[in-house]
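Each chain, written out:
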Amino acid sequence: MFRTLLTRRPFPLSHIFRTFLSTTAPISFPESHDLLPTSQSPVTPKPHFFNAVSTPGKQLPSYRVIDGVGKVIEGAELPELDEQLARGIYKNMVLLPIIDNVLYNIQRQGKISFYMTAYGEEAAIIGTAAALLPDDEVLGQYRELGVLLWRGWGIDAAMAQCFGNEQDSSGKGRQMPVHWGSPKHHFHTISSPLGTQIPQAAGVAYALRRDVTRRSKNCAVVYFGEGAASEGDFHAGMLFASTIASPTLFIARNNGFAISTPASEQYFGDGIAARGAGYGIDTIRVDGNDVLAVLSATREARRRCVESGRGVLLEAMTYRVGHHSTSDDSFAYRARQEVEDRKRIDNPIARYRLFLKNHGWWTDAEEDELKASLKKDVMRALKHAESLKRHELREIFTDMYGGEEPLNLKEQREELTRLLRKYGSAWEPWKAELKKFKDNGESLLGRSE
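For every chain, the first residue of the written sequence is number 1, and numbering continues from 1 onward in sequence order. Note on the predicted model: pLDDT of at least 70 is required for a residue's local features to be given, and 80 or more for side-chain atom pairs to be given and counted; whole-chain, interface and lining totals, by contrast, use all residues. Remark: hydrogens and water are excluded; side-chain values derive from all non-hydrogen atoms of the structure.

Undergrad: Where do I start with unusual backbone geometry in this structure?
TA: The phi angle of most residues is negative, glycine excepted, and most peptide bonds adopt the trans form. The backbone phi angle of lysine 172 is positive, close to 55°, even though this residue is not glycine. Each helix is a run of DSSP H or I of at least 4 residues and each strand a run of E of at least 2, with the numbering of both proceeding from the N terminus. Mapped onto the secondary structure, lysine 172 falls in the loop between helix 6 (155–163) and strand 2 (187–188). Take lysine 172: its relative accessible area is 27%, and that puts it in the partly exposed class. In this model, aspartate 399 sits at a positive phi of 65°, which is unusual for a non-glycine residue. Exposure classes here rest on a 1.4 Å probe applied to the protein chains alone. A residue is buried below 20% of its type maximum, exposed above 50%, and partly exposed in between.

Next comes the structure, spelled out in structure tokens:
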């Protein structure tokens, strides 16, 4: 109580102490009644309720640059863009669904255990990636493979992660597919629990702010869906980044579905962007199928984030064309025709291709050549990934803890070693499984108990 009074006194400190120390001292108030003790809100004599949903004209607008046929809409300005950058963005947008097609199909063949596509969200992913610095720290949810591809991670690395082979640098085959990660490319490894990356990003941003070499230079960027924004972690991260100066760029991919739950059943408010005002941070909503609007908005959002040192929220309105994952059949909860209509009416790749052709930066011949070349690259990477073995078996127990190996891990390693010596060369299922490892399990068997 005293701290509040000492730091927010509207009248002399001596008067405060007289009031508290004397029960007979008269209480006086400042003449102005236009401010409240903990707010800059003006006082009004009339009760006023507000609602961003039901009040006409109060809904947040969505920023757009080009329309469905690739033409700049009236009043819009193109972001700074040369032909090389424009073509690079398009090539990465086209690459994403080609990779998705191949990996989705091989999961159906049983060659990998799981996969998630980014169909329909190519503009939101590549547009944001192109607006960031290569060393901005990124914490993804799971559909952000395009960010890594934009940063030069490569198709081979993506294939290696999904197969968990000896070239998997994300987790040495110990993680599920699509759990991408690369310290070299400043992309923090994805984890399965929903929304955990959001408060973590605020913490990463706080660390960047404390680093004199990266302060006012880099920000932390966190991707999540509108479903993850229903988690408490979303609010924890937003609160942290807004109250304790942390340059965190929150990017919400509002694709309309949290697995099978449509956005209409996830919230009653005006999307995710409406929540930014409640935390006092700069916020923008953008047409997530317009890659140029996404690029422009992300550049400005990043600038504000780095310069102010505080959080900024960007909501990209898009549509999840694919199933949630290979574990989902979205036609059980939405009409197939709805999906086909969205693909036909507002395809982000087709919209951007029309823009490039309107500017003389792309031709039909180049389109055919690009798709053929990318398909060839993806299939080559697939065959290479299939041919490789897994990491050495002993890697199961590495990279968990720093310093001395804890007793529980040592006991588990010794138990597996005993079982391998007993069954590894005698039981056919184990013999077949060991052959999948780079060292056939020998490195573990060779360790002393």
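Once the structure has been displayed, the description carries forward.
Undergrad: Help me out: how do you make sense of helix 6 in this one?
TA: Note: α-helices contain 3.6 residues per turn, so residues at a spacing of three or four share the same orientation. Among the nine residues that make up helix 6, seven are buried, leaving the element largely enclosed by the rest of the structure. All of the buried residues along helix 6 are Ile155, Ala157, Ala158, Met159, Ala160, Gln161 and Cys162. Whether two residues are in contact is decided by their heavy atoms: any pair within 4.5 Å suffices. In this structure, the buried side of helix 6 is in contact with helix 3 (83–108), helix 5 (145–150) and helix 13 (364–387). Two residues or fewer after helix 6 comes glycine 164, characterised by a positive phi angle close to 65°.

Undergrad: I'm lost on the packing of helix 3 against helix 4 (residues 122–131) in this one. Help?
TA: Angle between the axes and distance between the axes: these two values describe a pair of packed helices. In this analysis an axis means a line fitted to C-alpha atoms, helices contributing only their contacting stretch, and an angle means the value between N-to-C directions, from 0 to 180 degrees. Interaxial distance between helix 3 and helix 4 falls to 10 Å at its minimum, and their mutual angle equals 140°. On the basis of their axis angle, the class for helix 3 and helix 4 is oblique. Between helix 3 and helix 4 lies a crossing of right-handed hand. Judged by residue contacts, Ile89, Asn92, Met93, Leu96 and Pro97 of helix 3 engage Glu122, Ala123, Ile125, Ile126 and Ala130 from helix 4. Put simply, angles under 35 degrees are roughly parallel, angles over 145 are roughly antiparallel, angles from 65 to 115 are roughly perpendicular, and the rest are oblique. Note on convention: the crossing is left-handed when the near helix lies turned anticlockwise from the far helix by less than a right angle, right-handed when the turn is clockwise.

Undergrad: Hey, could you run me through the nonpolar core in this one?
TA: Soluble globular proteins: nonpolar side chains tend toward being buried together. Core analysis: the largest hydrophobic core is formed by 75 residues, its most contacted members being Tyr115, Trp180 and Tyr352. It is helix 3 that provides the largest number of residues to this core, a total of 13 residues. Ignoring any residue separated from it by four or fewer positions in sequence, one finds tyrosine 352 in contact with Ile66, Leu81, Ala86, Ile89, Tyr90, Met93, Val291 and Leu292. In this description, a nonpolar core means a group of buried Ala, Val, Leu, Ile, Met, Phe, Trp, Tyr and Cys residues linked to one another through side-chain atoms lying within 4.5 Å.

Undergrad: What's the story with the sheet that holds strand 8 (residues 312–317) in this structure? I'm lost.
TA: Hydrogen bonding along the main chain pairs the strands of a sheet, whether they run parallel or antiparallel. Read across the sheet, six strands follow the order 2-1-3-4-8-7 without closing on themselves; strand pairing throughout is parallel. Whereas interior strands pair on both sides, the edge strands pair on one side only; in this sheet they are strand 2 and strand 7 (282–287). One ladder, built from two bridges, connects strand 1 (residues 137–139) with strand 2; its direction is parallel. Each bridged residue has a counterpart across the sheet, and for leucine 139 the counterpart in strand 2 is histidine 188. Strand pairing is defined by DSSP finding a minimum of two bridges between the two strands.

Undergrad: So what exactly am I meant to see when it comes to the environment of threonine 196 here?
TA: Positionally, threonine 196 belongs in the loop between strand 2 and helix 7 (197–210). The sequence separation of threonine 196 and proline 61 amounts to 135 residues, and the corresponding C-alpha distance is 29 Å. Apart from the residues within four sequence positions on either side, threonine 196 is in contact with Ser191 and Asp233.

Undergrad: Explain the environment of phenylalanine 240 to me, please; I cannot follow it from the model alone.
TA: In this fold, phenylalanine 240 is placed in helix 8 (residues 232–243). When its relative accessible area of 29% is taken as the criterion, phenylalanine 240 is described as partly exposed. When the C-alpha atoms of phenylalanine 240 and glycine 203 are compared, they prove to be 8.1 Å apart, with 37 residues separating the residues in sequence. The residues touching phenylalanine 240, leaving out its near neighbours within four places in the chain, are Ala202, Tyr206 and Ser246.

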